[in-house]
Amino acid sequence: MSTLGIIILPDARLKQPSEVVSSVDGSIRKLLDDMLETMYAAPGIGLAAVQVGVMKRVVTVDVSKEEEKRDPLFLVNPEIVWSSEERSTYEEGCLSIPDYYETVERPARVRVKYLDRQGEARELEADGLLATCLQHEIDHLDGVLFIDHLSKLKRDRVIKKFQKQAKMKELGIG
Ligand code: GNR
Ligand code: NI
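Below, the structure is looked at part by part. (Residues numbered from 1 in each chain as written. Chains lettered and ligands numbered in written order. Predicted model: local features only at pLDDT ≥ 70, side-chain atom pairs only at ≥ 80, totals over all residues. Heavy atoms only, no water.)

Points about the environment of T132
Position of T132 among the secondary structure elements: in helix α2 (residues 128–141). As a C-alpha pair, T132 and A166 span 34 residues in sequence and 29 Å in three-dimensional space. Filtering out sequence-adjacent residues up to four positions away, T132 remains in contact with S88, Y90, E92 and R106. (Helix = DSSP H or I, 4+ residues; strand = E, 2+ residues; numbered from the N terminus. Contact = heavy atoms within 4.5 Å.)

Written out as structure tokens, the structure reads:
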């Protein structure tokens, strides 16, 4: 396994939709394993392939609390097939928008269909942090970031800050 580099705002790839995976083969399983290692190293509770520059509908998630009791989920072509009317709010962050946290409101429960690591069709129903995380990751596959759920004022402020940081880095400052 190897860790992969995580792309950050304002990388244009984060705004693009990812492609459906046609078969869960060895290269997809290797991608899943490398993504899981990258996610644990970050550390993060979820990762979409686009965040490591791979435009495929592939996601890893692990919302378990203790490192000793890891509970990884591998999802290929995940789709929300049902979401609750009831909403819940979480303070969200994103590895592609480092050190920025803001409250986002989303459906409290979702049912997700996906292919597992073996390419088998599965469904799961989630609530709590897992429901939020799955929605955050599936958004990534559609080129949507959690800041797209905030007011335009907040979103534009964050984008500006990261554009400025990218420019400074380009110039070799900071
Ligand atoms: O590590 C992460 N934490 C998190 C917290 C609240 C809601 C969503 C997330 S996902 C994020 C990792 C990430 O950027 N996944 O795309
Ligand atoms: Ni994210």
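Looking at the coordination of the nickel ion (ligand 2)
Within the first shell, the nickel ion (ligand 2) binds the protein through C94 (SG), H136 (NE2) and H140 (NE2), at distances of 2.1 to 2.4 Å. Within one chain, the residues donating to the nickel ion (ligand 2) are spaced in sequence as C-x41-H-x3-H. Remark: H140 occurs in helix α2 and C94 occurs in strand β4 (residues 87–94); sequence separation between them is 46 residues. H140 matches C94 in its accessibility class, with the two residues each being buried. (Donors = N, O, S within 2.8 Å, 3.2 Å for Na, K, Ca; no water. Buried < 20%, exposed > 50% of the residue type's maximum accessible area, 1.4 Å probe, protein only.)

Considerations on the nonpolar core
Note on soluble globular proteins: their nonpolar side chains tend to be buried together. The biggest cluster of nonpolar side chains holds 29 residues, and the ones touching the most others in it are L9, L75, I97, V112 and I147. Among the elements of the structure, β2 (58–61), β3 (73–83), β5 (97–107), β6 (110–115), β7 (121–126), α2 and α3 (152–170) are those that each provide at least two residues to this core. Residue contributions to this core peak at five residues, all from α2. Those residues in contact with L75 that sit more than four places away from it in its chain are L32, R57, V58, V59, V61, V112, Y114, L115 and L134. Formed by 15 residues, the second largest nonpolar core is a distinct cluster that contains V21, L32, Y40 and L47. (Core = buried A, V, L, I, M, F, W, Y, C linked by side-chain atoms within 4.5 Å.)

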